[in-house]
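Chain residues, written in single-letter form:
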Amino acid sequence: MSTPDAIAADEAEASNKFSFMAAVSKTPKKIQFADDMQEFSKFPTKTGRRSLSRSISQSSTDSYSSVASYTDSSDDEMSPRDKQQTTTKGSSDFCVKNIKQAEFGRREIEIAEQEMTALISLRKRAQGEKPLAGAKIVGCTHITAQTGVLIETLCALGAQCRWSACNIYSTQNEVAAALAETGVAVFAWKGESEDDFWWCIDRSVNGDSWQPNMILDDGGDLTHWVYKKYPNVYKKIRGIVEESVTGVHRLYQLSKAGKLCVPAMNVNDSVTKQKFDNLYCCRESILDGLKRSTDVMFGGKQVVVCGYGEVGKGCCAALKALGAVVHVTEIDPICALQACMEGFRVVKLNEVIRQVDVVITCTGNKNVVMREHLDRMKNGCIVCNMGHSNTEIDVASLRTPELTWERIRSQVDHVIWPDGKRVVLLAEGRLLNLSCSTIPTFVLSITATTEALALIELYNAPEGRYKQDVYLLPKKMDEYVASLHLPSFDAHLTELTDDQAKYLGLNKNGPFKPNYYRY
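- An unreviewed UniProt entry lists the chain under the name Adenosylhomocysteinase, with Engystomops pustulosus as the source organism.
- UniProt lists a comment for the chain under the heading Catalytic activity (unreviewed entry), and it reads "S-adenosyl-L-homocysteine + H2O = L-homocysteine + adenosine".

What follows is the structure in structure tokens.
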């Protein structure tokens, strides 16, 4: 018997004092969505603690855990809610899978720090000023090593933090333990039930002698909970920062209904979030997720990508580079024309569904791939989702008696038809790159830095700068986030002369583009 290969784990200034408030001289222009808003989602029906049912909140079910997590969450183990755990300092104000894994989590965070140099630079530049002194931030995001770097940066800048997970599968248990060990009140573990999910959010909000004054949210569930259950707390919040399409949509629903009594920052539509997290991140992580889960070779394969927004553009570029024949579906004539100019054939899904080898959804919509499409797919077709929510593929229609589900490996299922045809479904239709692989740390550094600056801006903004509405991150701050990441590439910016700045009508230090500029 051959010996298995050993797996090796690779482990591993501050310059001028930065003034955060000088970046913005006037109120940024608000973004407005043209589409009709749906009713703000309602609080789900409570289920048993150990229930295997999925949370009906979109953000909590959009993905599985990162494969980087050391730990799993088998059902026969005791619930973390039933355990009595304390840190080495005697604190019990947390709820994680196993506090003894803190050392492993610390190593994960240290590895992430190596690729998040811009966020570390921000931490060093600003920790003397403590711009978040007095801020009590309650957060609900994916709890990964990269988020750990963000949370510890916020604490270094003076904030007190309490945290829960926006997704019932994405928590790295060892990272949650490491954060709890440092004194952050974390309530999260991989594999939470629906009841666990809302219990964790409630515990993060409702701390002893502690009331939040800032919210950092991913998906809107935390904002929804505070709005519904703690209206007095909600009215005293100084600012909300939201990073996801789903959460931003919910904020605009509140605003349209006249129920948003807090200034909110739409980080999702900032350039440094949208272009980099959506375009460049997906360009790399789509291939990583597909290859790790299916071992597929893309040369000559026929692929259809549903949606040619930033995520779709990244996916198409990566697949094309490996020799795949890529088709695109689109509702927007401008995006469709862009796809045509890049050499992709724009089709309706029904026109190619019988011949394609891979179907990828990137629309942010619902019911994009329906049972009628799944019935017509050829044997072995791979189906996956790169959109934020798990609504794009009609997975529920596959849970019928005539179809057989066969788990092949983690996050990979074969759905078998009566005639023997198999469709390969990845992550049960949830977000592929957080389910079957990992997201590049450098990209998360860009997003985390953007979020940190948004929190600082809202917390320190003078009264009257922001009304009870939803705003974009100020352009100057978008540019500052980008500038912090340039040293990683040894990139050197050209500086305008006084004469050139006057000719263009610009400040030499920016902002360099108007808010309406499309990058």
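From this point, things continue past the structure.
1. Considering the environment of Ala482
- With respect to the helices and strands, Ala482 occurs in helix H16 (residues 475-485).
- With a relative accessible area of 34%, Ala482 lands in the partly exposed category.
- A sequence separation of 364 residues divides Ala482 from Ala118, and the C-alpha atoms of the two residues are 9.0 Å apart.

2. What to know about the sheet that holds strand S11 (residues 382-385)
- Strand order in this open sheet of eight strands is S9-S8-S7-S10-S11-S14-S13-S12, and the pairing throughout is mixed. Two strands in the sheet have a free side with no partner beyond their single neighbour: strand S9 (345-346) and strand S12 (404-409).

3. Observations regarding the UniProt feature "binding site: substrate" (unreviewed entry) in the chain
- Mapped onto this structure's residue numbering, the UniProt feature "binding site: substrate" (unreviewed entry) falls at Thr144, Asp218, Glu243, Lys273 and Asp277.
- Among the structural elements, Thr144 can be located in the loop between strand S1 (136-141) and helix H3 (145-156).
- By relative accessible area, Thr144 is classed as buried at 6%.
- The residues contacting Thr144, other than those within four sequence positions of it, are Ser170, Gln172 and Val175.
- Within the secondary structure layout, Asp277 lies in helix H9 (residues 271-294).
- Excluding anything up to four places from it in sequence, Asp277 contacts Thr272, Cys282, Val443 and Thr447.

4. Focus: the pattern of salt bridges
- Evaluation of the coordinates by the stated rule reveals 22 salt bridges.
- One salt bridge connects Arg371 with Asp375, and the closest N-O pair in it is separated by 2.7 Å. Note that Arg371 and Asp375 are positioned in helix H13 (residues 371-376) at a spacing of four residues, about one turn of the helix.
- Of the charged contacts, one joins Glu428 and Arg430 as a salt bridge, the two residues approaching to 3.7 Å between their closest N and O atoms. Neither residue differs from the other here; Glu428 and Arg430 are each classed as buried.
- Put simply, Arg399, Arg407, Asp413, Glu428 and Arg430 are held in one network by salt bridges that share partners.

5. Focus on the sheet that holds strand S2 (residues 160-165)
- Strand order across the open sheet formed by seven strands is S3-S2-S1-S4-S5-S6-S15, with parallel pairing between neighbours. A strand with exactly one partner marks an edge of an open sheet, and here the two such strands are strand S3 (185-187) and strand S15 (470-472). In this sheet, adjacent strand axes meet at a mean angle of 20° when their direction is disregarded.
- With four bridges joining them, strand S4 (residues 214-217) and strand S5 (residues 239-242) adopt parallel strand pairing.

6. Notes on the environment of Asp93
- As for its placement among the helices and strands, Asp93 is situated in the segment before helix H1 (102-115).
- Sequence separation between Asp93 and Val186 is 93 residues; the distance between their C-alpha atoms is 7.9 Å.

7. Description of the nonpolar core
- Leu132, Ile137, Ile143, Leu154 and Met265 are the most contacted members of the largest nonpolar core, which has 58 residues in total.
- For this core, the elements supplying multiple residues, two or more each, are H1, helix H2 (117-126), H3, S2, helix H4 (173-181), S4, helix H15 (441-460) and H16.
- Not counting residues within four places of it along the chain, the set of residues in contact with Met265 comprises Ile240, Val241, Glu242, Ala454, Glu457, Leu458, Tyr466, Tyr471, Leu472, Leu473 and Pro474.
- Counting residues in hydrophobic clusters, the runner-up holds 32 residues, among them Cys315, Cys316, Cys384 and Ala427.

What counts, and at which threshold
Residues numbered from 1 in each chain as written. Predicted model: local features only at pLDDT ≥ 70, side-chain atom pairs only at ≥ 80, totals over all residues. Heavy atoms only, no water. UniProt positions renumbered as here; feature names shortened; annotations may be inferred. Helix = DSSP H or I, 4+ residues; strand = E, 2+ residues; numbered from the N terminus. Buried < 20%, exposed > 50% of the residue type's maximum accessible area, 1.4 Å probe, protein only. Pairing = 2+ DSSP bridges. Contact = heavy atoms within 4.5 Å. Salt bridge = Lys/Arg side-chain N within 4 Å of Asp/Glu carboxyl O. Axes fitted to C-alpha atoms, helices over the stretch in contact; angles between N-to-C directions. Core = buried A, V, L, I, M, F, W, Y, C linked by side-chain atoms within 4.5 Å.

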